[in-house]
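Chain by chain, the residues run as shown.
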Amino acid sequence: MKSKSDVRIAITGGGIGGASAAVALRHAGFNVNVYEQASAIKEVGAGIGLRPPSIRYFKKWGLLEEIERVTHKSVLIEILSDKGDVLLKEQWPALTDDPDEKWARLIHRADCLDTLINAIPSEFIHLQHKCKSIVRHGDYAEIEFENGVKVEADLVIAADGIRSLTRQLFFSQAAPVFHGYHAYRALVNDDETYGLGTEDTLRIFADDKVNIYLLPLKYRKQVSVDITVPHHDPTGRPNVPKEDMLNQIKNFHPDLQKIAENIDYWDIRALYDIDPVHQWSNNCITLLGDAAHSMLHNQGQGANMAIQDAGILVECLLEADSVAEALEKYETLRKPVCHLFQNLSRQFHNDKEETFFPEKEFFEKTPE
Ligand SMILES: Cc1cc2nc3c(=O)[nH]c(=O)nc-3n(C[C@H](O)[C@H](O)[C@H](O)COP(=O)(O)OP(=O)(O)OC[C@H]3O[C@@H](n4cnc5c(N)ncnc54)[C@H](O)[C@@H]3O)c2cc1C
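Below is a summary of the structure that appears in this document. (Residues numbered from 1 in each chain as written. Predicted model: local features only at pLDDT ≥ 70, side-chain atom pairs only at ≥ 80, totals over all residues. Heavy atoms only, no water.)

A word on the site of the ligand
What counts is decided by this rule: We define proximity as follows: a residue is near a molecule or strand when any one of its heavy atoms falls within 4 Å of that partner. Think of a polar contact as two N or O atoms within 3.5 Å of one another; within protein, one of them needs to be a possible hydrogen donor and the other a possible acceptor, and neighboring residues in sequence only count if both atoms come from side chains. To be clear on the numbers: accessible area is Shrake-Rupley with a 1.4 Å probe, and residue cover counts the displayed protein chains and nothing else.
The environment of the ligand is formed by 28 residues, the closest being Glu36, Arg109, Arg185, Asp290 and Ala303. One of the backbone nitrogen or oxygen atoms of Gly300 is found 2.8 Å away from a nitrogen atom of the ligand. In the environment of the ligand, an oxygen atom lies 2.7 Å from a nitrogen or oxygen atom belonging to the backbone of Ala303. If the ligand stood free it would expose 1000 Å²; the protein chains cover 84% of that surface.

Have a look at this one:
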């Protein structure tokens, strides 16, 4: 392989996946440029749980203190009935070789992205660069952006999300899959949950079809409220009245209904993922994060998988003799676990389930 500083690396997409890849590459001594279509890098949506394998990468990249400052540790997760009776209380499972790492660090997605972006000098982030085509020439590729700029790269990392252009151009034309649900997301102050929120436990209130998540963001003094309800409208950002949701939570605890009624602004999205993609890479272009394996939020693994993709991709680059060899190894290592979580994430939670973490069975059966 060329020396690290001579490998030309372009990342398309500046979300959690692209930013993680840029941080990991810079930490390892590579030069990298990030091209993002938007005019500013920002993240919306909900709180998420960063799991120990992801936190280990923040530590490796020198960002442990920064990520700890904007997260707090959660040891338990609870499933409750619609009326608020606790049905299941579980510790987060250890996903590393350290059995004591049974926790998640809760964070808002925006704070996760900011922590990563702040570690990348701004001259390497190119906003308003929407990739419109990529042409492969042997062992390098040429990217053309809508603003007329063209760049050549020995490695293109496509972290351009669920509707990835690169995936469509090179690896799969299959369209994202709609699952018949709408997700409503909002933040409230932590004293506005009528005592139903906790300091550090993710609580999921469920009946047989509706899920209401209350995820505490202690360091922000806020709670992330995430409600998923069945709905037939597949529009990505559906223009539906909030009564559509309120009508479906009428049997839930009256205080949950009050929390939802009090919220004026909801981020509403139709829930999509993609079917597992069987090829992610060729010799100089690869997919990463949601572009490779967009999954529903039910197992809380989408951002975690993107961060871990970045960490492992860079480890493969450091060990391999060529970019092509590194990409082959990266894909071989990442596909099984990402496909597992894509499939498991298609199960919505309900008031009958026996574990929140069906992956435990897989990890116990096939220890690595
Ligand atoms: C409400 C919600 C809750 C979630 N909860 C969890 C959780 O608890 N745990 C967890 O791990 N994950 C969770 N996830 C999933 C997680 O947030 C995503 O999997 C993760 O953010 C994906 O990051 P990404 O960078 O791969 O994709 P994205 O965040 O989609 O970023 C893609 C970027 O590429 C840019 N882009 C797209 N096309 C182009 C183009 N042609 N040219 C240039 N730029 C382009 C976009 O503008 C965007 O900035 C949740 C997601 C949501 C929505």
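Focus on the sheet that holds strand β1 (residues 9-12)
To be explicit about the condition: Strands qualify as paired when DSSP identifies two bridges or more between them. Helix and strand definitions follow DSSP, with helices as H or I runs of at least four residues and strands as E runs of at least two, each counted in order from the N terminus.
Strands sit in the order β8-β2-β1-β12-β18 across an open sheet of five strands; the sheet is parallel. Taken across any chain shown, the strands that pair with only one partner, and hence form the sheet edges, are β8 (125-126) and β18 (285-287). Strand direction decides the pairing type here: strand β2 (residues 32-35) and β8, joined by two bridges, are parallel. For Tyr35, the partnering residue across the bridge sits in β8 and is His126.

Describing the state of the cysteines
What counts, and what does not: Only a pair of cysteine sulfur atoms within 2.5 Å counts as a disulfide in this structure description.
Under the defined criterion, the tally for this structure stands at zero disulfides. Residue Cys131 stays outside any disulfide, its sulfur separated by 13 Å from that of Cys284, the closest cysteine.

Focus: the packing of aromatic side chains
Which entries qualify depends on this criterion: Aromatic rings from Phe, Tyr and Trp, taking only the six-membered ring of Trp, are treated as a pair when their centres fall within 6.5 Å; an angle between ring planes under 30 degrees marks them as stacked, one over 60 as edge-to-face, and anything in between as tilted. Burial classification: accessible surface area is computed with a 1.4 Å probe over protein chains only, and a residue below 20% of its type maximum counts as buried, one above 50% as exposed, and the rest as partly exposed.
Under the defined criterion, the tally for this structure stands at nine aromatic pairs. Between Phe178 and Tyr272, the ring centres sit 5.3 Å apart and the planes meet at 40 degrees, which makes this aromatic pair tilted. Of this pair, Phe178 sits in strand β13 (residues 177-189) while Tyr272 sits in strand β17 (residues 267-273), placing them 94 residues apart in sequence. The class of Phe178 is partly exposed, set by a relative accessible area of 23%. Residue classification places Tyr272 among the buried residues on the basis of a relative accessible area of 19%.

What about the pairing of strand β10 (residues 140-145)?
The side chains of a regular strand alternate, residue by residue, between the two faces of the sheet. Going residue by residue along β10, you find Ala141, Ile143 and Phe145 tucked away on one face and Tyr140, Glu142 and Glu144 left uncovered on the opposite face. Bridge count between strand β9 (residues 131-137) and β10: six bridges; the pairing is antiparallel. For His137, the partnering residue across the bridge sits in β10 and is Tyr140. Hairpin geometry of β9 and β10 is characterised by an intervening segment of two residues between the two adjacent antiparallel strands and by a positive phi of about 55 degrees at Gly138. Here β10 runs beside strand β11 (residues 150-153); their pairing, made up of four bridges, is antiparallel. Directly across from Ala141, in β11, lies its bridge partner Ala153. Between β10 and β11, which follow one another and run antiparallel, lie four residues, and Gly148 among them has a positive phi close to 95 degrees.

Quick notes on the side chain of Gln301
How we decide: The contact rule is simple, with two residues in contact once any of their heavy atoms fall within 4.5 Å.
Considering the arrangement of structural elements, one finds Gln301 in the loop between α8 (290-293) and α9 (302-319). When residues no more than four places from it in sequence are discounted, the contact partners of Gln301 are Arg51, Leu95, Met295, Phe341 and Glu359.

Details of the sheet that holds strand β16 (residues 222-230)
Test applied: Simply put, an axis is a line fit to the C-alpha atoms, just over the touching stretch for a helix, and the angle between two N-to-C directions goes from 0 to 180 degrees.
Taken in spatial order, the seven strands make up an open sheet running β6-β5-β14-β15-β16-β13-β17, and their pairing is mixed. The sheet is open, and its two borders are formed by β6 (86-91) and β17, each paired with just one other strand. Across the sheet, the mean angle separating the axes of adjacent strands is 20 degrees when strand polarity is ignored. As paired elements, strand β5 (residues 76-81) and strand β14 (residues 202-206) share five bridges and run parallel to each other. Bridge pairing links Ser81 to Ala206 in β14. Where helix α7 (residues 254-262) meets the sheet, its contacts fall on β14, β15 (211-217) and β16, and the angle it forms with β15 comes to roughly 75 degrees.

Looking at the pattern of salt bridges
In plain terms, the rule: Salt bridge, as used here, is a side-chain nitrogen of Lys or Arg placed within 4 Å of a carboxyl oxygen of Asp or Glu.
Applying the stated criterion across every chain, the model contains 20 salt bridges. Across the pair Lys60 and Glu315 runs a salt bridge whose closest N-O atoms are separated by 2.9 Å. Separated by 255 residues along the polypeptide, Lys60 in helix α2 (residues 52-60) and Glu315 in helix α9 bring together distant segments of the chain. Note on Lys60: relative accessible area 42%, which makes it partly exposed. On the basis of relative accessible area, Glu315 is assigned to the partly exposed category, the value being 26%. Among the salt bridges present, the one from Glu199 reaches Lys218, with a minimum N-O distance of 3.3 Å. One end of the pair, Glu199, is in the loop between β13 and β14; the other, Lys218, is in the loop between β15 and β16, with 19 residues separating them in the sequence. The exposed category is assigned to Glu199, whose relative accessible area is 53%. Taken together, the shared-partner salt bridges connect Arg8, Glu152 and Asp154 into one network.

Structural notes on the packing of helix α1 (residues 16-27) against α9
The condition is simple: In these notes the angle categories are as follows: under 35 degrees is roughly parallel, over 145 is roughly antiparallel, 65 to 115 is roughly perpendicular, and the rest is oblique. Take the far helix as the reference: if the near one is turned anticlockwise from it by less than a right angle, the crossing is left-handed, and if turned clockwise, right-handed. Each residue is assigned to one class: nonpolar for Ala, Val, Leu, Ile, Met, Phe, Trp, Tyr, Cys and Pro, charged for Asp, Glu, Lys and Arg, and polar for all the others, Gly among them.
The geometry of α1 relative to α9 is characterised by a closest axis approach of 8 Å and an angle of 30 degrees between their N-to-C directions. For the element pair α1 / α9, the angle class is roughly parallel. Our pair here, α1 against α9, has a crossing hand that is right-handed. Contacts between α1 and α9 involve Ile16, Gly17, Ser20, Ala21, Ala24 and Leu25 on the former and, on the latter, Ala303, Ala306, Ile307, Ala310, Val314 and Leu317. A class-by-class count of the residues in the contact of α1 with α9 yields ten nonpolar, two polar and no charged.

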